[in-house]
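In case you want the letters, here they are:
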Amino acid sequence: QVQVVESGGGLVQPGGRLRLSCVASGFTFSIYAMRWYRQAPGKERELVAAISSTGGSTNYADSVKGRFTISRDNAKFTVYLQMNSLKPEDTAVYYCNANWAVNEYWGQGTQVAVSS
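This is a predicted model, so every value here is computed, not measured.

Visitor: Mind showing me how you'd approach the environment of W106 here?
Guide: Counting through the fold element by element, W106 comes out in strand β10 (residues 103-106). Distance in space between the C-alpha atoms of W106 and G55 is 19 Å, their sequence separation being 51 residues. If sequence neighbours within four positions are ignored, W106 has contacts with V4, Y37, R45, Y95, C96 and N97.

Visitor: Just to check I follow, could you spell out unusual backbone geometry for this structure?
Guide: Backbone geometry follows two general trends: most residues other than glycine have a negative phi, and most peptide bonds adopt the trans configuration. At F77, a residue that is not glycine, the phi angle is positive and equals roughly 55°. As for its placement among the helices and strands, F77 is situated in the loop between β7 (68-73) and β8 (78-83).

Visitor: For this particular structure, what's the right way to read the pattern of salt bridges?
Guide: Across all of its chains, the model carries four salt bridges by this definition. Its salt-bridge partner being R67, residue D90 comes within 2.8 Å of it at the nearest N-O pair. Here R67 lies in the loop between β6 (58-60) and β7 and D90 lies in the loop between β8 and β9 (92-100), a separation of 23 residues in the sequence. Beyond isolated ion pairs, a larger network of salt bridges with shared partners links R38, E46, R67 and D90.

The rules behind each value
- Residues numbered from 1 in each chain as written.
- Predicted model: local features only at pLDDT ≥ 70, side-chain atom pairs only at ≥ 80, totals over all residues.
- Heavy atoms only, no water.
- Helix = DSSP H or I, 4+ residues; strand = E, 2+ residues; numbered from the N terminus.
- Contact = heavy atoms within 4.5 Å.
- Salt bridge = Lys/Arg side-chain N within 4 Å of Asp/Glu carboxyl O.

What follows is the structure in structure tokens.
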């Protein structure tokens, strides 16, 4: 069956870094665009970063440009989100999303907390 599993979240101090991973199975990973979303308490879920199926195209929310990098390894069925220079406002549950045509899959989320 389809599985999308995030990992790598945790507590980090402002200015620190984390790398999130998302491992997918049960579908043809290499044809799916992949996205990272986040949802902070009391706020709507927002798109953080997106990467095309081949990895040749990426997009970022203005709030994370220059600090976050999305990448993927199709051989490992994995997408990553490298997060540098973290700020308290980056605190949220981060979700991995796979999207192709009408098909869409979500992970369960991983918590990121940025605090001193």
